[in-house]
Amino acid sequence: MKSERRPFPPPACQSGLALEGGFAVFHELMARKVRDILLVLNPYDAFVMEENGSLPSRIVNEYRGLNLSHPPRMTRVASITEALRLLKSRSFDLLVTTPRVEDQECRDFAPRLKKAAPDLPLVLLSHTLGGSPGFAAHEQPAAIDRHYVWSADPELLLAIVKNIEDHNNVEADTRRAMVRVLLVVEDSPFYRSLILPLLYKEIVRQTQRILHEGLNWEHRLLKMRARPKILLAANYEEALELYHRFRPYLLGVLADTRFPRRHGLDAGAGLRLLAHIRREVPDMPLLLMSAEEGNRQRAEKIPAVFLSKHDPDPATAIRSFLLSYLGFGDFVFRRPTGEVAGSAASLREFEEKLKNIDDDSLLYHAASNHFSHWIAARAEIGLAARLHRDCLGSLDDAGLLRRTLIREVHSLRRSRQQGVVSRFNRDDFDPEVADFLKSGEGSLGGKGLGLAFLAAQLARRPELAARYPDLRLAVPRTLVLTSEHFDLFAASHELEKITSGLADHDIALLCRGLPLPEALRKDLAAFLERVNTPLSVRSSSLQEDAHGRPYAGLFETYMLANNQPSLEARLEQLLDAVRLVYASAFYAGPRAFARASGTDAEPGAMAVIIQELIGRRHGAFFYPALSGVAQSYNYYPIEGMRPEEGIAHLALGFGKTVVEGERCLRFSPQHPQRLPQFSTVDDILTNSQRSFYALGMSESHGALPIGGSNLTRRDLEEAAGELPVELLTSTYDPAEHRIRDGSGPGGPRVLTFARILKHDLFPLAAILRDMLELGRQGMGGGIEIEFVAEPGAGDTPPSFHLLQIRPMVAEGERFEVSTGPVEQQAAFCFSNQALGYGRKTLSDIVLVRPDRFELSAARTIAAEIAAFNARLAASRSPYLLIGPGRWGSADPFLGIPVRWEDISGVAAMVELRTDFLAVAPSEGTHFFQNMTAMGIFYFTVDETTGVNAGSHLDHSWLHSLPQVEKTPHLVHLRAEKPFTITVDGRLSKGVMLAAGEPTSSPRPQAGRRTTRRGDKKK
């Protein structure tokens, strides 16, 4: 039958591009596995095969030794009758037998076995060629598919299994992934049994050796499936048919000299075959094997490498052929004279060598197709096709060739890393291609997992990047120190024990004096040797950003200039930052949050994220132009907006402005030009951001502060003239009391972001809409993201980077509740900006005394609240907290700067907007995120003069309640009968009703009842 000829030259130069963008194709390779083997052996043969131990156990050990998966299961029988019975009742993938079973010859019983399972490969194992009576070495019964000679080596059975799998899968795998093929032509069972195990061992080891280059374990195992396949032929016609079918994928051909041709033994069949192949493919690696030394000269005339079958060490000779001609091992750069000019063991080294290798060496290897061969042997088939000499164009221009080779190799290395969490390798780390790395075997932590998820989503959704072709859309380059390092650090110093009862500052001092694991120190030193850009060092606790308990902002974060002249100085500062982040796992805040959320109050494992800071240097400072937080659900929609359209908070400089509740701009990505904060000129002047955070590039060389940020707050006017300020500000004209878009003479700068939101200089709103939808689909619900963006300038393209993703946890609906007109009218407190869902009954209220409130006393008030909280939490009395301004703001001029440990027992909070302190709601801050996670009801009540907001708080009713205790700034009130708080976050409405007032009882929704702090248990 005439064989189908495939086209040659090799596949199109652009083929295989899809392979390098992801690894999905590798899941489809090697689909037909040998999983069940039936061994039909007489007791003596079984004894010989298992003389050194159980054969199945030895095969399993061999698989493990080569890191191969799924060793086959073996079933052994001692009679043909039993074998026939099993073949009828069970499915097998391979049938192995020996020359004699139950006094029957293989020639007699093999046809019966084949008839029972005609599609099942039948392999004959004999102890010696002399143990195969009735047929010559080059002959075998028609029912036998392959004949081998057993040498008590389990590697032979493994090679037989792998060869069966290769023949089963070669057609599909070459078509799907252009997997390479090695053709072996040998009719002798003895030499076949010798050569095949050697080839498989070398191929598997070669594949394993090249898989360390920036891939994770999953991808290493998947790419094992793309190793070259070995196809075995026993005669000339079979070899020629396989050659024509798989010629575009051939790595090389190994052939015996004497084997059957035209139904007879031909002493020169191998010479004919290799000469034919050489004429059609001049650069194909060829090896001729012969027991006759006289064939050496005939091999040289082809030309082909010669291997004597009398060679005392055939393994070394075969290995030499694979390394020298098939691209296995290092790439050895040679000049046309044969002189060695250099070598490369990895793609990274290969790319570096290409930059400086001599022109004559470069042109020689390209013309000889050595580049394509070496790349193909590394299972990078798409790149191998593009580096084939027929695809490289003219080979006369060494400069153009060099640029093409470097571009193609670098593109592969970068694309292969996209969306992949790769293992950090000190010796082979390249920050130009590695986007997301991890050091250690433990967990990435909650924040790290979120970042890895975002990186993977962006890699799998290339259409998102295609919408913004001139903009970089990515996660910043990231190294995660997994929880393994923290566990070792904490355990070796017994931190859980020795930090118990210490204040936060003392815990930090203790930890920063302790040595970190040596392996971690070495990894960070190797990292800093190649990275000298500013860095952030952030926590990634296992609890952080988890569903229902995000722990937002409770752990330390440090920004490092990373520009000291000494590597040792940079390393020591980075190690200090890591120790301080570790120390924060033992602080009071995380412990209090854990107790309040009902989880273990002991510190959880901590990973640390070291991330490239996005931004630019402006004079002595480094900062991003834009940073912010975006949420997929807006709990404070104004007229014309819908909650599900989401909300974003935007600031100049680092995002500390947003997450700590300072002045920033709030807008909906669906309505970027509708800015409720900027309704009038006076609103703009009052609410616009006046200062921002930047990293001092010289001040960051000293010791890192404990318990505080190492960023510098800068006034807007101080930064006048710096590009981001010029780009994002407008100008106030006091004479006309108006604000003009853009910077210019005439008045002070006002941060309006008009060029971004109004004139769409940078597509921020569109990107946020896409990213919120990406996260919402990926996490199956409401999400919150942190981001930074650079509009671009000069030769630097614009960019948008995602810094974090976490679930929005306040959307849980546990009851059907009513906050209608009847309840609103009867309520002592009503808000149309309320957050939460459900009903709680409380008796205790802690009220900030309006007559004694002063901004200068904000920190003192926070301390008094902490004291009340401690007593109420100890008595398990959840309470309502009422006060002016933003709760939890880091800026005491915007509200009271309470921390989580200060209010761990609170069940509901009221944020009052007054003439004295009218600030935007706290949504978007770390404090806000944790508050929603705990199911704390949050009311915003607007009491500013002339504002008909619909919300109200009945101060006279509060004053009528009995006072339990009074301090200079607070009063503790207790109702004689519990009052009821009901919130419907879907409508942003909440009511508080005194005992006896009308209320609609909530009806639990089926299967969704949960008990939160403040609920009355029945």
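Every value quoted in this text rests on a predicted model; they were computed, and no experiment measured them. (Residues numbered from 1 in each chain as written. Predicted model: local features only at pLDDT ≥ 70, side-chain atom pairs only at ≥ 80, totals over all residues. Heavy atoms only, no water.)

Trainee: I would appreciate a short explanation of the packing of aromatic side chains in the present structure.
Mentor: Ring pairs (aromatic) are described by centroid distance and by the angle formed between their planes. Summed over the entire model, instances satisfying the criterion amount to 19 aromatic pairs. On the basis of an interplanar angle of 50° and a centroid distance of 5.2 Å, the ring pair of Phe424 and Phe429 is categorised as tilted. Of the aromatic side chains, those joined through ring pairs into one cluster are Phe331, Phe333, Phe350, Phe371 and Trp374. In this structure, Lys309 packs its charged tip against the face of Tyr191, placed 4.1 Å from the ring centre. Lys840 extends its terminal NZ or CZ atom over the ring of Phe937, reaching a point 4.5 Å from the ring centre. (Phe/Tyr/Trp six-rings, centres within 6.5 Å; stacked < 30°, edge-to-face > 60°. Lys NZ or Arg CZ within 6 Å of the ring centre and 35° of its normal.)

Trainee: Help me out: how do you make sense of the sheet that holds strand β24 (residues 616-618) in this one?
Mentor: Working definition: the strands of a sheet are paired by backbone hydrogen bonds and lie parallel or antiparallel to each other. Across the sheet, 4 strands lie side by side as β24-β25-β29-β30; this open sheet has antiparallel pairing. Since the sheet does not close on itself, it has two edges, and those belong to β24 and β30 (712-715), each with one partner. Across the sheet, the mean angle separating the axes of adjacent strands is 50° when strand polarity is ignored. Of the pairings in the sheet, the one linking strand β29 (residues 691-696) to β30 comprises 4 bridges and is antiparallel in character. Bridge assignment links Phe692 to a residue of β30, and that residue is Arg714. (Pairing = 2+ DSSP bridges. Helix = DSSP H or I, 4+ residues; strand = E, 2+ residues; numbered from the N terminus. Axes fitted to C-alpha atoms, helices over the stretch in contact; angles between N-to-C directions.)

Trainee: Before we go on, may I ask you to explain the pairing of strand β20 (residues 478-481) in this structure?
Mentor: Here is the key point about a regular strand: its side chains alternate between the two faces of the sheet. Judged by which residues are buried, β20 turns out to be covered on both faces: Thr478 and Val480 on one side and Leu479 and Leu481 on the other are all buried. Examined bridge by bridge, strand β18 (residues 436-439) and β20 share 4 bridges and lie parallel to one another. Bridge pairing in β20 places Ser439 opposite Leu481. Pairing analysis gives 4 bridges linking β20 to strand β23 (residues 606-612), with the strands arranged antiparallel. Paired with Val480 across the strands is Ile609, a residue of β23. (Buried < 20%, exposed > 50% of the residue type's maximum accessible area, 1.4 Å probe, protein only.)

Trainee: What exactly am I supposed to notice about the packing of helix α24 (residues 518-530) against helix α25 (residues 567-584) here?
Mentor: Helix packing geometry: the angle between the two helix axes and the distance between the axes. Contact pair α24 / α25: the axes reach a minimum separation of 10 Å and the direction vectors enclose 130°. Of the possible angle classes, the one that applies to α24 and α25 is oblique. The handedness of the crossing between α24 and α25 is right-handed. Here Leu520, Arg521, Leu524, Ala525, Leu528 and Glu529 of α24 lie close against α25, whose contacting residues are Leu567, Glu568, Arg570, Leu571, Glu572, Leu574, Leu575, Val578 and Tyr582. Broken down by class, the residue content of the contact of α24 with α25 amounts to 10 nonpolar, no polar and 5 charged. (Parallel < 35°, antiparallel > 145°, perpendicular 65-115°, else oblique. Left-handed = near helix turned anticlockwise from the far one by under 90°. Contact = heavy atoms within 4.5 Å. Nonpolar A, V, L, I, M, F, W, Y, C, P; charged D, E, K, R; others polar.)

Trainee: Teacher, can you tell me more about the pairing of β29 here?
Mentor: Within β29, 6 of the 6 residues are buried, leaving the element largely enclosed by the surrounding structure. The alternating pattern of β29 places Ser691, Tyr693 and Leu695 on one face and Phe692, Ala694 and Gly696 on the opposite face, and all of these are buried. Pairing analysis gives 2 bridges linking strand β25 (residues 621-623) to β29, with the strands arranged antiparallel. Each bridged residue has a counterpart across the sheet, and for Phe622 the counterpart in β29 is Leu695.

Trainee: Hey, could you run me through the environment of Val681 in this one?
Mentor: Locating Val681 in the fold gives a position in helix α28 (residues 681-687). Between the alpha carbons of Val681 and His737 there is a distance of 7.3 Å; along the sequence they are 56 residues apart. Sequence-distant contacts of Val681, that is, excluding residues within four places in its chain, are made with Tyr732, His737, Arg738 and Ile739.

Trainee: Help me understand the sheet that holds β20, please; the structure alone is not making it clear to me.
Mentor: The strand order β17-β18-β20-β23-β21-β22 describes an open sheet built from 6 strands, whose pairing is mixed. A single partner strand is all that each edge strand has here, and the edge strands are β17 (422-423) and β22 (557-560). Examined bridge by bridge, strand β21 (residues 535-541) and β23 share 7 bridges and lie antiparallel to one another. Looking at β23, one finds that Ser539 is bridged to Val608. Against the sheet, helix α19 (residues 445-460) contacts β18, β21 and β23, and its axis sits at roughly 110° relative to β21. Packed on one face of the sheet, α24 meets β18, β20, β21 and β23 and runs near 170° to β20.

Trainee: Help me understand the nonpolar core, please; the structure alone is not making it clear to me.
Mentor: The nonpolar side chains of a soluble globular protein tend to be buried, and buried together. Ranked by size, the top nonpolar core spans 66 residues in total, and within it Phe654, Leu695, Leu764, Leu768, Met771, Ile785 and Phe800 carry the most contacts. A total of 6 residues in this core trace back to one element, the largest contributor, which is helix α31 (residues 764-779). Ranked by size, the runner-up nonpolar core spans 61 residues in total, among them Leu156, Phe331, Phe350 and Leu362. (Core = buried A, V, L, I, M, F, W, Y, C linked by side-chain atoms within 4.5 Å.)

Trainee: I would appreciate a short explanation of unusual backbone geometry in the present structure.
Mentor: The phi torsion of most residues other than glycine is negative, and most of the peptide bonds are trans. In this structure, Pro303 follows Ile302 across a cis peptide bond, with omega equal to -5°. By the secondary structure assignment, Pro303 is in the loop between α12 (295-301) and β14 (305-308). Its identity is not glycine, yet Arg876 carries a phi of approximately 55°, on the positive side. Mapping Arg876 onto the fold places it in the loop between α33 (858-874) and β40 (879-884). Residues other than glycine seldom take positive phi values, yet Ser988 does so here, at roughly 60°. Residue placement: Ser988 occurs in the loop between β45 (970-984) and β46 (989-993).

Trainee: Would you mind going over the pattern of salt bridges with me for this structure?
Mentor: Side-chain pairs of opposite charge can arise whenever the charged atoms involved come near each other. Per the counting criterion, the structure on display carries 54 salt bridges. The salt bridge partner of Asp36 is Arg90, with a shortest N-O separation of 3.7 Å. Placement of the pair is Asp36 in strand β1 (residues 36-40) and Arg90 in the loop between α5 (80-89) and β3 (94-97), with a sequence separation of 54 residues. The exposure class assigned to Arg90 is partly exposed, which follows from its relative accessible area of 31%. Close ionic contact of Glu238 with Arg146 constitutes a salt bridge, the shortest N to O distance being 3.3 Å. Note that Glu238 is positioned in helix α10 (residues 236-246) and Arg146 in strand β7 (residues 146-149), a separation of 92 residues in sequence. (Salt bridge = Lys/Arg side-chain N within 4 Å of Asp/Glu carboxyl O.)

Trainee: Whenever I open this one, the confidence of the model for the chain confuses me. Can you help?
Mentor: The predicted coordinates ought not to be read in detail in places where the model reports low pLDDT. On average, residues of the chain carry a pLDDT of 82, and 83% of them reach 70 or more. In this model residues 810-815 is a low-confidence stretch, pLDDT under 50, and it forms 25 contacts with partners more than four residues away in sequence or in other chains. Confidence over residues 1001-1018 falls short of pLDDT 50; this stretch has 43 contacts with residues more than four positions distant or in other chains. (pLDDT = per-residue confidence, 0-100.)

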